Amino acid sequence: MERTKIGITCYPTVGGSGVIATELAKLLAERGYEIHFITSNIPFRLKRIYPNIYYHEVEMTHYPVFQYPPYDLALANKMAEVINREKIDILHVHYAMPHAICAILAKEMINHDVKIVTTLHGTDITVLGVDPSLQNMIRFGIERSDRVTAVSESLVNQTKDMLHVERDMDVIYNFVDEREYRRRDESHLREEYGIDEDDKVIIHISNFRQVKRVPDVIQSFKTIREHSKAKLLLVGDGPDYYKTCQLVNELGLKDDVLFLGKQENVSELLSISHLKLLLSEKESFGLVLLEAMACGVPCIGTNIGGIPEVIVHNETGYICEVGDTEEIADYAIRLLSSNEQWDKFSKNGLERVRDEFHSETIVKQYEQVYADLIVDR
Ligand code: GMT
């Protein structure tokens, strides 16, 4: 029997959607699918050779006559070329804007019956979707896809409300590779970073965009630090990085906050952490929460988007209102001062990742979506 061929387009740089697209590709490849990435760069998580994963780079032509290089058209063109040549069965795009629109254009350009699956990750709905000038185009991408999945119930509801989309959308949650995300003994890192034995370690991982509200992490940490010996690990980089450094200095926290920049092996850092903070004002899922829970780290997150679908309040962590840094600090202090409570939350989190977000379960859900479409052809 011929192998099912899946084309994948995602943002290949650091970011949850690129991580999910690539981890899904690797697991599908292990299950015998043939995968064709059609992207601007090799996805950053594709670190070694996988015999049935291929990479097709979108090439840009720089003509002086073009005021702006037409990336989206180059992508559609590459999609059409690869679908035709490789006889791709399914083109799975991550993000409606612009990837679903490019996929629809590519399909129009060829005679091969490829099916388009679009996965919504959030930003195209919650950030771009509020711009009226883009709404029609995003809706078009969603409505003309053969199947649409979203990474949380909340994102499905927001898509329906904001874009007035009526079609069915499947919720398929994010997942982590359990072989990578597990708690291990990385105690040497504590020593290397100068973290004392009695320091509690709090971690925040993000792209430091404004929506992540990193200043709230700092303000919460300030209060936590007044009650307990602690260090804050800040992992990632982005537009609010400088502002965050300034705030840390202003609040006199310089000695207790470690700016670690972009890091690849975050499971090692999570393994020395006691608490994960994700205090965003927009978050369709919060993959970093799952990564933390898989490493046994309880989480505090905000009551927005998909976060309450990941953290169970008072069981695997706490849910707080956006910006309420006093409440966040109160919960953190309570959790960090009780070993019994911490052990319970850590264990509950591990069980939740295993029972609700196991990679095996999630990959099967995507396989079912593909199988339904192939049967329909
Ligand atoms: O959070 C970001 O800024 C990055 C963005 C992305 O493209 O990776 O994350 C989105 O997709 C992730 C994977 O599904 C989700 O876990 C994030 O919650 C979502 N970000 C937002 O909704 C802001």
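Note that this is a predicted model, so its numbers are computed, not measured.

What counts as what
Residues numbered from 1 in each chain as written. Predicted model: local features only at pLDDT ≥ 70, side-chain atom pairs only at ≥ 80, totals over all residues. Pairing = 2+ DSSP bridges. Helix = DSSP H or I, 4+ residues; strand = E, 2+ residues; numbered from the N terminus. Contact = placed C-beta atoms within 7 Å. Axes fitted to C-alpha atoms, helices over the stretch in contact; angles between N-to-C directions. UniProt positions renumbered as here; feature names shortened; annotations may be inferred. Core = buried A, V, L, I, M, F, W, Y, C linked by C-beta atoms within 7 Å. Buried ≥ 20, exposed ≤ 12 C-beta atoms within 10 Å, placed from the backbone. Domains from an automatic or database assignment. Right-handed = clockwise from strand over helix to strand, strands pointing away. Nonpolar A, V, L, I, M, F, W, Y, C, P; charged D, E, K, R; others polar.

What about the sheet that holds strand S1 (residues 5-9)?
And then number 1: Taking strand neighbours across the sheet as the criterion, the seven strands line up as S3-S2-S1-S4-S5-S6-S7 in an open arrangement whose pairing is parallel. The open sheet terminates on both sides in strands that have one partner only, identified here as strand S3 (53-57) and strand S7 (170-171).
And then number 2: Pairing of strand S4 (residues 90-94) with strand S5 (residues 115-120) involves five bridges; the strand directions are parallel. In the sheet register, Ile90 faces S5, and the bridge partner there is Lys115.
And then number 3: Set on the sheet, helix H1 (residues 16-30) makes contact with S1, strand S2 (34-39), S3 and S4; between it and S2 the angle comes to about 155°.
And then number 4: The strands that helix H6 (residues 153-163) touches are S5, strand S6 (147-150) and S7; relative to S6, the one it contacts most, it runs at about 120°.

Things to note about the sheet that holds strand S9 (residues 230-235)
And then number 1: On the basis of which strands lie adjacent, the open sheet formed by six strands has the order S10-S9-S8-S11-S12-S13 and parallel pairing. Single-partner strands in this sheet number two, and they are strand S10 (257-261) and strand S13 (317-320). Between one strand axis and the next, the sheet turns by 20° as a mean value, whatever way the strands run.
And then number 2: Strand direction decides the pairing type here: strand S11 (residues 275-278) and strand S12 (residues 299-302), joined by three bridges, are parallel. Each bridged residue has a counterpart across the sheet, and for Lys276 the counterpart in S12 is Cys299.
And then number 3: In the packing of helix H11 (residues 287-294) onto the sheet, the strands contacted are strand S8 (200-205), S11 and S12, and the crossing angle to S11 comes to about 175°.

Topic: the UniProt feature "domain: Glycosyl transferase family" (unreviewed entry) in the chain
And then number 1: Here, the residues flagged by UniProt with the feature "domain: Glycosyl transferase family" (unreviewed entry) are residues 188-350.
And then number 2: Counted over residues 188-350, helix gives 43% and strand 18%. Its end C-alpha atoms are 23 Å apart.

Considerations on the nonpolar core
And then number 1: Core analysis: the largest hydrophobic core is formed by 107 residues, its most contacted members being Met79, Leu91, Ala103, Ile202, Leu289, Leu290 and Ile300.
And then number 2: Top contributing element to this core by residue count: helix H3 (residues 96-109), with eight residues.
And then number 3: Looking at which domains feed residues into this core, each of domain 1 (5-175 + 358-376) and domain 2 (187-356) gives three or more.

Observations regarding the pairing of S12
And then number 1: Of the two faces of S12, the one holding Cys299 and Gly301 and the one holding Ile300 and Thr302 are both buried throughout.
And then number 2: Assessed by its sense of winding, the connection that carries the chain from S11 through H11 to S12 is right-handed.
And then number 3: Pairing analysis gives four bridges linking S12 to S13, with the strands arranged parallel. Residue pairing across strands places Thr302 opposite Cys320, the latter belonging to S13.

Section: the domain arrangement of the chain
And then number 1: Domains assigned within the chain are domain 1 (5-175 + 358-376) and domain 2 (187-356).
And then number 2: One C-alpha centre belongs to domain 1, the other to domain 2; they are set 30 Å apart.
And then number 3: Contacts between the two partners involve 16 residues from domain 1, matched on the other side by eleven residues from domain 2.
And then number 4: At the level of secondary structure, the elements contributing two or more residues to the side of domain 1 that touches domain 2 comprise H1, helix H4 (123-127) and H6.
And then number 5: Grouping the constituent residues of the side of domain 1 that touches domain 2 by class yields six nonpolar, nine polar and one charged.

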